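A look at the structure
The residues making up each chain are set out below.
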Amino acid sequence: MIIQFGTSRFLQAHVDLFAHEARLAGADVPPVVVVKTTRDAARTSRVTAFGDPAGFDVIIRGLIDGNPVEGTTRVRSVVAGYAVATDWTKIRDLFTTKATHVVSNTGDSGYVVPGDAETAAAAMVGDEPPRGGFALLLLALLYRRWAAAKGGITILPCELVPSNGQALHRSVAELARALALPADFLRWLDADCLWPDTLVDRIVSEPLEPLGAIAEPYALWAIGSRPGLALPFSHPAIVITDELERFERLKLHILNLGHSWLADRWARAGARREMTVLDAMHDPDEAAALRDVFNDEVIPGFARHGMGDEARDYVATTLDRFSNPYLAHRLADIHQGHGAKVAKRIGGFIDWISQTADGDLPMPRLRAVRAANI
């Protein structure tokens, strides 16, 4: 059984869709059980809907090699939905006896280690669900599983956190040490459980009600290889790799960099509220400026790291994604937190190139954006 922490539309159009498609292809795919980790009542109806055997629709709309595609899949990989606040005993029992894999997309803040040690300690042995974030929730479940003498489990985090598997492992282990949990349990966490880093990539544009989503054709789930790693299913969008950083760099310094490049120009041109990425791609000057920065500065930078061909292919795919007529991705939304994004996406790219044996590239356009946002 796959225990999925997070009810997001993204997971519905990514992991849940992949599991369904793998089953259609003839694979023996374990069922998915979705767990709502938050205590707000806003998504209660969504949790209930996950138990509907009729499933939910995922609509794929967009461009592939410049050609429009559209199709609908009725996803039936999910068999139940539970909420931590009301179904803790059931969740705990399934995690202990049935689960083989964990998938999560609970938000970056879930990795933060809570400061209330007394409450955390009570969660290890009590019948009440823990309060304090996903790391504590996961620790409580893992501790119960270990205490029941069950085998280890594979955790596949999908949060957009650098080295997310390692980061989640550190948070859980730090909590375990702070609570003085047994050394044998800590060894079990390290040796019997697998915590691969992963990278997910798909734009999910709109929700459907009560479940389902509209998403672009492009999808990627890159997973760092580990000895003994066995995934619950295979899928054309899943890549197991020893070089996860290459995928991270492509996404961060092409897709994300391109978004921030467009958002920076949008802000300097007057910040028209409703302008979207698609609008920018329909503007000849904006589209040409983006292509120029990709061709003259970004691809040559990747070439310094021996990734020129990969970057060229990813740029072509990214331009298709940006030109998707079905996505309404507002530049105002992309511009939120702009300074920090520029530092990571553009400044990080410039710094990465400076580490090569050939040293810096001129990159006047990217350097100008970086300088203007320091």
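Structural notes, computed from the coordinates. Everything numeric here is computed off the predicted structure, so don't read it as measured data.

Parameters at a glance
Residues numbered from 1 in each chain as written. Predicted model: local features only at pLDDT ≥ 70, side-chain atom pairs only at ≥ 80, totals over all residues. Heavy atoms only, no water. 1 Å grid on protein atoms, 1.4 Å probe; cavity = no way out; pocket = protein on both sides within 12 Å on 5 of 7 lines; lining within 4 Å. Points joined across faces, edges and corners; volume = space filled by probe spheres on them. Helix = DSSP H or I, 4+ residues; strand = E, 2+ residues; numbered from the N terminus. Nonpolar A, V, L, I, M, F, W, Y, C, P; charged D, E, K, R; others polar. Buried < 20%, exposed > 50% of the residue type's maximum accessible area, 1.4 Å probe, protein only. Polar contact = N/O pair within 3.5 Å; in protein donor to acceptor, adjacent residues only side chain to side chain. Pairing = 2+ DSSP bridges. Salt bridge = Lys/Arg side-chain N within 4 Å of Asp/Glu carboxyl O. Expected span 1.5 Å × (residues − 1). Bend = angle between axes of the 7 residues up to and from the residue. Contact = heavy atoms within 4.5 Å. Disulfide = S-S within 2.5 Å.

Quick look at the layout of surface pockets now. Taken as a whole, the largest pocket spans an internal volume of roughly 1,300 Å³. Forming the boundary of the largest pocket are 39 residues, of which Leu160, Val200, Lys251, Asn256 and Arg345 lie nearest the centre. Of all elements in the fold, only α1 (9-12), β8 (198-201), β9 (204-207), α9 (244-268) and α14 (338-354) reach the threshold of two or more residues within the lining of the largest pocket. At eight residues, the largest contribution of residues to the lining of the largest pocket is made by α9. Of the residues assigned to the lining of the largest pocket, the class counts are 16 nonpolar, 10 polar and 13 charged.

Okay, the environment of Asp52 next. With respect to the element layout, Asp52 can be found in the loop between α3 (44-49) and β3 (56-64). Under the relative-accessibility criterion, Asp52 is labelled partly exposed at 39%. At a separation of 2.9 Å, a polar atom in the side chain of Asp52 contacts the main-chain amide nitrogen of Ala54.

Sheet topology note: the β3/strand β4 (residues 67-75) ladder contains nine bridges and is antiparallel. Residue pairing in the sheet places Ile64 in a bridge with Asn67 of β4. As consecutive antiparallel partners, β3 and β4 are separated by two residues, and within that stretch Asp65 has a phi angle of approximately 55 degrees, a positive value.

On to the pattern of salt bridges. Here the structure, examined in full by the defined rule, presents 20 salt bridges. As a salt-bridge pair, Glu70 and Arg61 come within 2.9 Å of each other at their nearest N and O atoms. We note a salt bridge from Arg249 to Glu245, for which the minimum N-O separation is 3.1 Å. Taken together, the residues span about one helical turn, with Arg249 and Glu245 both in helix α9 at a distance of four residues. Salt bridges sharing common partners tie together Asp201, Glu216 and Arg321.

This part is about helix α11 (residues 284-304). The end-to-end C-alpha distance of α11 is 29 Å, a good match for the 30 Å that 21 residues give at a rise of 1.5 Å each. The sharpest bend along α11 comes to roughly 35 degrees, located at Phe294. For α11, the full list of buried residues reads Glu286, Ala287, Ala289, Leu290, Val293, Phe294, Glu297, Val298, Ile299, Gly301 and Phe302. For α11, the elements touching its buried residues are α9, α10 (277-282), α12 (308-322), α14 and α15 (364-372). With a side-chain oxygen lying 2.9 Å from the backbone nitrogen of Asp285, the N-terminal cap of α11 falls on Asp283. Taken from the residues just after α11, Gly306 is the one with a positive phi, measuring 70 degrees.

A few words now on the state of the cysteines. Among covalent bonds in proteins, the disulfide is the one between the sulfur atoms of two cysteines. By the definition in use, this model includes zero disulfides. In this structure Cys158 is a free cysteine whose sulfur lies 17 Å from that of Cys193, the closest cysteine sulfur available. Accessibility expressed as a relative area gives 2% for Cys158, which makes it buried. According to the relative accessible area criterion, Cys193 is buried, its value standing at 2%.

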